[in-house]
Amino acid sequence: MMSSDEPAAPPPLAAAQLHLAKLQRQYQQTLDRWTPHVLQRWLGTLGLLTLFMLRIVLSQGWYIVCYALAIYLLNLLLAFLQPRFDPSLQDDLVADEIEEGTGDEGPTLPSQRDDEFRPFVRRLPEWQFWLSSTRAVVVALFCTLSEVFDVPVYWPILVVYFCVLFALTMRRQIQHMLKYKYIPFDIGRKARYGGSH
């Protein structure tokens, strides 16, 4: 018989929730420790991707998983290269305001689009790009452990289709970059403030 001063054992659901919360904290702490190590993170992801590709080539299967991973990584790459605020949408909004007559609310500063420095803000930050890519590669690796995902397909068609899709998509992205004059990478000398340079 239990006395009233003994602590009651937590119900199994509460214990499981506490354990899950502890695991989530440990996972987040690990991710926080990896944040400043950009090169090492990407090298690790490249290693996982190489392991995945070796698995595909040596087993000669799971081509549909490989294709799905490639399409997903292409989608992430495009989001990484695009600005958060699309200039073409801003042009459309300005044109709509002019047509509706609501665009004349007085003078605005700066008077031209190029008068003000606007830093490039990505639609998908580097950290999210890395994390999503790594998770996708790990999921794809686990998919290759099951025969359910080994759908028989003629893989050269998938390769050709992906190459055409990649070329067309990147051409469109490069044209967009040239039209709106933005470069998604830091190229050239970095500005130093407060120094002698």
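First things first, this report covers the structure right here in the doc. Note that the structure is a prediction, hence the values are computed from the model and not measured. (Residues numbered from 1 in each chain as written. Predicted model: local features only at pLDDT ≥ 70, side-chain atom pairs only at ≥ 80, totals over all residues. Heavy atoms only, no water.)

Looking at helix H6 (residues 155-180)
- Across its 26 residues, H6 extends 37 Å between first and last C-alpha, which sits within 8% of the 38 Å expected from 1.5 Å per residue.
- Residues of H6 that are buried: Leu158, Thr169, Met170, Gln173, His176, Met177 and Tyr180.
- Downstream of H6 by one or two residues, Lys181 has phi in the positive range, about 55 degrees. (Helix = DSSP H or I, 4+ residues; strand = E, 2+ residues; numbered from the N terminus. Expected span 1.5 Å × (residues − 1). Buried < 20%, exposed > 50% of the residue type's maximum accessible area, 1.4 Å probe, protein only.)

Side note on the environment of Val153
- Mapped onto the elements of the fold, Val153 is located in the loop between helix H5 (126-143) and H6.
- The sequence separation of Val153 and Tyr63 amounts to 90 residues, and the corresponding C-alpha distance is 7.1 Å.
- Not counting residues within four places of it along the chain, the set of residues in contact with Val153 comprises Tyr63, Ile64 and Leu158. (Contact = heavy atoms within 4.5 Å.)

Looking at the pattern of salt bridges
- One pass over the full model with this rule turns up 1 salt bridge.
- A salt bridge links Glu126 to Arg41, with the shortest nitrogen-to-oxygen separation between them at 3.2 Å. Of this pair, Glu126 sits in helix H5 while Arg41 sits in helix H2 (residues 38-59), and the two are 85 residues apart along the sequence.
- Overall, the relative accessible area of 5% leaves Arg41 in the buried class. (Salt bridge = Lys/Arg side-chain N within 4 Å of Asp/Glu carboxyl O.)

Examining the nonpolar core
- The biggest cluster of nonpolar side chains holds 11 residues, and these are Phe52, Ile56, Trp62, Val65, Cys66, Leu69, Ala136, Val137, Ala140, Leu141 and Cys143.
- Contributions of two or more residues to this core are made by H2, helix H3 (63-81) and H5.
- Of all the elements, H5 adds the most residues to this core, at 5 residues.
- Setting aside anything within four residues of it in sequence, one finds Leu69 in contact with Leu49, Phe52, Ala136, Val137 and Ala140.
- Counting 8 residues, the second-largest nonpolar core is a separate cluster that includes Leu78, Leu81, Phe129 and Met170. (Core = buried A, V, L, I, M, F, W, Y, C linked by side-chain atoms within 4.5 Å.)

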